[in-house]
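Chain residues, written in single-letter form:
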Amino acid sequence: MNNSVNTIKSVNEGLKKGEFSVEEIVADYQARIKKENPKLNAYLSIFDSPKLETRNYKLETSLLAGVPCAVKDNILISDEKCTAASKILEKYVAPYDATAIARLKQAGAPFLGKTNLDEFAMGATGEHSAFGPTLNPHDTSRVSGGSSAGSGAAVAADLAVYALGSDTGGSIREPASFCGVVGLKPTHGLVSRHGLIAMASSLDQIGPITKTVEDAAIVLNNIAGHDPMDSTSVPVSRELPDYTANLNKSIAGLKVAVPKEFFSEGLDNQVNNLAQAAIAKLESLGAHIDQVSLPMIEYAVAVYYIIVPSEVSANLARYDGIKYGLSSNKKSSSLLDVYLDSRAEGLGPEVKRRIMLGTYALSAGYYDAYYLKAQKVRVLIKNDFDKIFAKYDVVVGPTVPYPAPKLGELDDPLAAYLADVYTCPINLAGLPAISIPCGFADVEDKKLPVGFQIIAKHFDEAKLLQVAYNLEQALK
Ligand code: GLN
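Parameters and conventions
- Residues numbered from 1 in each chain as written.
- Predicted model: local features only at pLDDT ≥ 70, side-chain atom pairs only at ≥ 80, totals over all residues.
- Heavy atoms only, no water.
- UniProt positions renumbered as here; feature names shortened; annotations may be inferred.
- Helix = DSSP H or I, 4+ residues; strand = E, 2+ residues; numbered from the N terminus.
- Contact = heavy atoms within 4.5 Å.
- Near = heavy atom within 4 Å.
- Nonpolar A, V, L, I, M, F, W, Y, C, P; charged D, E, K, R; others polar.
- Buried < 20%, exposed > 50% of the residue type's maximum accessible area, 1.4 Å probe, protein only.
- Salt bridge = Lys/Arg side-chain N within 4 Å of Asp/Glu carboxyl O.
- Pairing = 2+ DSSP bridges.
- Axes fitted to C-alpha atoms, helices over the stretch in contact; angles between N-to-C directions.
- Parallel < 35°, antiparallel > 145°, perpendicular 65-115°, else oblique.
- Core = buried A, V, L, I, M, F, W, Y, C linked by side-chain atoms within 4.5 Å.
- Patch = residues over 30% accessible without salt bridge, like charges linked within 9 Å, V, L, I, M, F, W, Y side chains within 5 Å.
- Areas by Shrake-Rupley, 256 points an atom, 1.4 Å probe, with all protein chains shown as cover.
- Left-handed = near helix turned anticlockwise from the far one by under 90°.
- Phe/Tyr/Trp six-rings, centres within 6.5 Å; stacked < 30°, edge-to-face > 60°.

Enquirer: Could you give me a rundown of the UniProt feature "active site" (unreviewed entry) in the chain, with the residues and numbers involved?
Expert: The UniProt feature table records "active site" (unreviewed entry) at K72, S147 and S171. In summary, the annotated positions, though distributed over 100 residues, converge in three dimensions, the widest C-alpha pair being only 10.8 Å. Within the element layout of this structure, K72 appears in strand β2 (residues 69-72). Excluding its chain neighbours within four sequence positions, the residues that come into contact with K72 are K114, T115, L117, A121, S147, S148, S151, L164, G165, S166 and S171. One can find S147 in the loop between β5 (139-143) and α4 (149-156). Not counting residues up to four positions away in its chain, the partners in contact with S147 are K72, N116, L117, D118, A121, M122, G123, S166 and S171.

So this is what it looks like as structure tokens:
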């Protein structure tokens, strides 16, 4: 087994040829996790005996059958702990499977364990976990990117063949960029959020972190589709495409838009150069490149950090010390004190900051000035994208303005929020986007991976993946 190149495709081939059994490949990954995880802190829980509900799988029809995967610890797996990397849910055990998990189980996927994240998925570095940060496999003095920090690091270090993450403002694409792997955020409503611990429901979306674009398409084939258990899941009248079908198709003649706002002040020089080189590659593949402008994108971070805290303050009201998780041991003298003490003890500083910001933004007298205004600007941002997509197939640019920062470098909340400058507008508009590796930056004596982002129209994941695949092959 050559683990460094283990993809879904290659493991499926190996299983089909009988080169190894499911039990063997799972055991192999368990041994690797045992050895490597203490260095990276990518996994919060490691399953002793991944339930192989895979006895009836067919390797010919299900590419995921027997292929070991990791799951971000804010996605429920029945009878397993789901902490969201928060003290308040430290002992919480999931009573049911998230729909995405149920679908993976049906496909015969064995789960290796649950991966680390910023508490309740709030963060861009992975440092806001109550259980310690995940370190970047390319340089352990640096962050792996958040919030799907453990999923990104686990795939990059091959402690899983692939992983699930969630993305509200960049949480799949940021760790993919920092760790040098592929991260796909599907269109809002394509993958069910049922069983994903809610952060900001109008933006949250589950998606895959993989080593190749083809693997991302394979996972999407398995998890996409309508779910009546999620009110934001979009009913699709026709059958969903096979997302692997067009990967090979030439992109000659496709129209690619490059927004000048994605190359703004604050963009690292090497990241800029690598993104320009990727764009030149697209042109050499026959794509037609134009510079465009998305003027409202300038307001995206400000809008995002009003809307997200507002939804957070509502979604996290349920953690009251009674219905879920940790209840304070203090002799609280009233019901209100039980709430206050449990939340004070159980929630971390970034989560508290967002609850306070959101409560403020939603309060009487401020609602119109903040929340309502942010929603209006959100529509303008979406309109900007709609105008571009009337003429272009995809929009491209860097994923994050810089390679992985050092631990502690983004301690200032405002600096951390700015990491989302290229990723959060996509969630505000509900669009699908992918980050693929486009090369390495030389930083100190290390080579740090850099991601390139491709964005497509709503539900146009097939074209998104086609462009990503073509570029990935050309960059090899
Ligand atoms: N960094 C962003 C935030 O902190 C994105 C988080 C996410 O996508 N879950 O909100």
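Having seen it, we continue.
Enquirer: How would you summarise the side chain of D139 if you had to cite specific residues and measurements?
Expert: In this structure, D139 sits in strand β5. Apart from residues no more than four positions distant in its own chain, D139 is found in contact with K446 and L448.

Enquirer: Give me the site of the ligand: which residues, what numbers.
Expert: Taken together, 16 residues surround the ligand, and among them T168, G169, S171, Y304 and R354 come closest. Residues of the shell around the ligand, tallied by class, amount to six nonpolar, six polar and four charged.

Enquirer: Help me get a handle on unusual backbone geometry, residues and values and all.
Expert: Residue S147 is bonded to the preceding G146 through a cis peptide linkage, with omega at 0 degrees. For A84, which is not glycine, the phi dihedral falls at a positive 55 degrees. Summarising the element assignment, A84 is placed in the loop between β2 and α3 (99-106). A84 sits in the buried class, given a relative accessible area of 0%. Unusually for a residue other than glycine, D158 sits at a positive phi of about 55 degrees. Structurally, D158 can be placed in the loop between α4 and β6 (162-167). On the basis of relative accessible area, D158 is assigned to the buried category, the value being 3%.

Enquirer: Account for the pattern of salt bridges, with residues named and values stated.
Expert: Any two side chains of opposite charge can pair, given that their charged atoms come close. Counted according to the given criterion, the structure contains 21 salt bridges. The residue D393 makes a salt bridge to K463 at a minimum N-O spacing of 3.1 Å. In this pair, D393 sits in the loop between α11 (368-389) and β11 (394-398) while K463 sits in helix α14 (residues 461-475), placing the two residues 70 residues apart along the sequence. Using a relative accessible area of 21% as the deciding quantity, one classes K463 as partly exposed. In the salt-bridge network here, residues are joined through shared partners; they are D139, R142, K406 and E444.

Enquirer: Requested: an account of the sheet that holds strand β12 (residues 433-443), with residues and values cited.
Expert: If you walk across this open sheet you meet the eleven strands as β1-β3-β2-β6-β8-β7-β12-β13-β11-β9-β10, and the pairing is mixed. If you trace the sheet from one side to the other, it starts and ends with β1 (43-46) and β10 (288-292), each paired once. The sheet shows a mean angle of 30 degrees between the axes of neighbouring strands, taken without regard to direction. Bridge analysis of β12 against strand β13 (residues 446-456) gives ten bridges, and the strand direction is antiparallel.

Enquirer: Got a sec to walk through the packing of helix α7 (residues 269-284) against α14? Specific residues and values, please.
Expert: Closest axis-to-axis distance for the α7/α14 pair is 10 Å, and the angle between their directions is 105 degrees. The orientation of α7 with respect to α14, classified from their angle, is roughly perpendicular. Residue-level inspection shows A278, K281 and L282 of α7 in contact with α14, the latter providing V467, L471, A474 and L475. Taken together, the residues that form the contact of α7 with α14 break down as six nonpolar, no polar and one charged.

Enquirer: Please provide a residue-by-residue account of the nonpolar core, values included.
Expert: Formed by 143 residues in total, the largest nonpolar core has its most connected members in F120, Y162, L282, F452, I454 and L465. At eight residues, the largest contribution of residues to this core is made by helix α8 (residues 300-315). If sequence neighbours within four positions are ignored, Y162 has contacts with I8, L64, V67, P68, C69, A70, L104, A109, V155, I209, T210 and V219.

Enquirer: With reference to specific residues and values, describe the pairing of strand β8 (residues 205-210).
Expert: Taking burial as the measure, the six residues of β8 include six buried ones, the bulk of the element. Where β6 meets β8, five bridges bridge the pair, whose relative direction is antiparallel. Note that in β8 the partner of G165 across the bridge is G207. Where strand β7 (residues 182-185) and β8 come together, two bridges link them in antiparallel fashion. Considered in β8, the bridge of V182 is made with T210.

Enquirer: An account of a nonpolar patch on the surface is needed here, citing residue identities and associated values.
Expert: On the surface, a cluster of nonpolar side chains totalling about 290 Å² of accessible area is made up of Y360, Y366 and Y370. Considering the arrangement of structural elements, one finds Y366 in the loop between α10 (349-362) and α11. The class of Y366 is partly exposed, set by a relative accessible area of 35%.

Enquirer: Would you mind going over the packing of α8 against α11 in detail, with residue names and values included?
Expert: Where α8 contacts α11, the two axes come as close as 9 Å, and the packing angle between them is 130 degrees. In terms of axis orientation, α8 runs oblique to α11. Crossing of α8 against α11: the hand is left-handed. On α11, the residues that touch A300, V303, I306, I307, S310 and E311 of α8 are Y370, Y371, A374, Q375, V377, R378 and I381. A breakdown of the residues in the contact of α8 with α11 according to their chemical character gives nine nonpolar, two polar and two charged.

Enquirer: Mind laying out the environment of M356, listing which residues take part and the relevant values?
Expert: The residue M356 is located in helix α10 in this model. Classification of M356 by relative accessible area gives exposed; the value is 58%. Distance from M356 to G170, taken between C-alpha atoms, is 22 Å for residues 186 residues apart in sequence.

Enquirer: Hey, could you go over the packing of aromatic side chains for me, with residue numbers and the actual values?
Expert: One pair of aromatic rings is described through two measures. These are the centre distance and the angle between the planes. A complete count under the given rule lists eleven aromatic pairs for this structure. Note on F262 and Y422: the rings are 5.4 Å apart at their centroids and 50 degrees apart in plane angle, and the pair reads as tilted. Residue F262 is located in the loop between β9 (255-259) and α7, and its partner Y422 is located in the loop between α12 (413-418) and α13 (424-429); the two are separated by 160 residues in the primary sequence. Owing to a relative accessible area of 1%, Y422 belongs among the buried residues under this scheme. Measuring from centroid to centroid gives 5.5 Å for Y319 and Y324, while their planes differ by 55 degrees, and the two rings are tilted. Residue classification places Y319 among the buried positions, given a relative accessible area of 4%.

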